[in-house]
Amino acid sequence: SSAIYGYGIAAYNGRLYLDNCTFVSNGVPVDISQYVGGKSYCPYGSALYASATTLNAVGCKFIRNRGFAGKGYNNEVRGGGCVYVSAAKSGVIKTASIRNCEFTANEDISNSYGIGSVLGGLSIAGGANSTNEVVNCTFAYNISDGTAAAAGLTISSGLTVVSNSVFYGNKL
């Protein structure tokens, strides 16, 4: 299978600090026909992918980024997420701090494989022992046509504290 990690930024095994950055219209094109039709293709993080990386994002905007789910490892349907944060390996403890950020009109769609793990705006899979925070963020009008995850924020492992954040108009 083929995987794409982070159309805007891909960070591995380190530290990434983002201050007032804007990510607009990253990811797959509106016509995704080149990615479907039996091909194994699994994009993660249409704007940003952070693997085994300590991530600090402050005042960033993620607007109209587009991803979709495809078949990944062991033919599982995976992928998506405008911002995808992953521990990468068990036992790796990294943190994500997302503050004063905006996730607006990001879209994740499934492809010909049907229902997928289409992850919407922000997806945190930080590992069982990770501690993450999402503070003063807005998640508005994000769209995910999968049924396995939320259109705004999906947390699949670790402890994530969400405070003083707004979720509005997100749709599955």
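Up top is the structure these notes are about.
The shown structure was predicted, so the numbers you read here are calculated from the model rather than taken from an experiment.

(A) A look at the overall build of the protein. Helices and strands together make up the secondary structure of the protein, namely zero helices and 21 strands. Within the protein, the proportion of its 172 residues that are buried is 49%. Within the protein, contacts between residues separated by at least 24 positions form 85% of all contacts whose residues are at least 6 apart in sequence. In the structure as shown, the protein presents an accessible area of about 7,700 Å², 50% of it carried by carbon and sulfur atoms.

(B) Looking closely at the pairing of strand β7 (residues 54-58). Two strands pair when backbone bridges link them, and strand β3 (residues 15-19) and β7 are joined in this way by five bridges, in the parallel orientation. Note that in β7 the partner of Y17 across the bridge is N56. With four bridges joining them, β7 and strand β12 (residues 96-99) adopt parallel strand pairing. Of the residues in β12, the one forming a bridge with L55 is A96.

(C) View of the nonpolar core. Ranked by internal contacts, the top residues of the largest apolar core, which has 23 residues, are L18, L55, F62, V83, I98, F103 and L122. Leaving out residues up to four positions away in the same chain, L18 has contacts with I9, F23, L48, L55, N56, A57, V58 and C60.

(D) Inspection of the packing of aromatic side chains at higher detail. Following the criterion strictly, the structure yields seven aromatic pairs and no others. Ring geometry for F62 versus F103: centroids 4.8 Å apart, planes at 10°, classification stacked. Of this pair, F62 sits in strand β8 (residues 61-63) while F103 sits in strand β13 (residues 102-104), and the two are 41 residues apart along the sequence. Geometrically, the ring pair formed by Y141 and Y168 is edge-to-face, given 5.5 Å between the ring centres and 85° between the ring planes.

(E) Quick peek at the environment of Y5. Within the secondary structure, Y5 is located in strand β1 (residues 2-5). Among the residues examined, Y5 registers a relative accessible area of 32% and is labelled partly exposed. The spatial distance from the C-alpha of Y5 to the C-alpha of S51 is 9.3 Å, given a sequence separation of 46 residues. Apart from residues lying up to four places away in sequence, Y5 is in contact with A10, Y12, Y44 and Y49.

(F) Quick peek at the sheet that holds strand β20 (residues 159-163). With respect to topology, five strands assemble into an open sheet ordered β3-β7-β12-β16-β20, the strand pairing being parallel. At either margin of the open sheet sits one strand with a lone partner, and together these are β3 and β20. The sheet shows a mean angle of 5° between the axes of neighbouring strands, taken without regard to direction.

(G) Structural view of the pattern of salt bridges. Here the structure, examined in full by the defined rule, presents two salt bridges. The residue R66 makes a salt bridge to E107 at a minimum N-O spacing of 2.7 Å. Linking R66 in strand β9 (residues 66-71) with E107 in strand β14 (residues 107-109), this pair joins segments that are 41 residues apart in sequence. Since its relative accessible area comes to 13%, R66 is described here as buried.

Rules used in this analysis
- Residues numbered from 1 in each chain as written.
- Predicted model: local features only at pLDDT ≥ 70, side-chain atom pairs only at ≥ 80, totals over all residues.
- Heavy atoms only, no water.
- Helix = DSSP H or I, 4+ residues; strand = E, 2+ residues; numbered from the N terminus.
- Buried < 20%, exposed > 50% of the residue type's maximum accessible area, 1.4 Å probe, protein only.
- Contact = heavy atoms within 4.5 Å.
- Areas by Shrake-Rupley, 256 points an atom, 1.4 Å probe, with all protein chains shown as cover.
- Pairing = 2+ DSSP bridges.
- Core = buried A, V, L, I, M, F, W, Y, C linked by side-chain atoms within 4.5 Å.
- Phe/Tyr/Trp six-rings, centres within 6.5 Å; stacked < 30°, edge-to-face > 60°.
- Axes fitted to C-alpha atoms, helices over the stretch in contact; angles between N-to-C directions.
- Salt bridge = Lys/Arg side-chain N within 4 Å of Asp/Glu carboxyl O.

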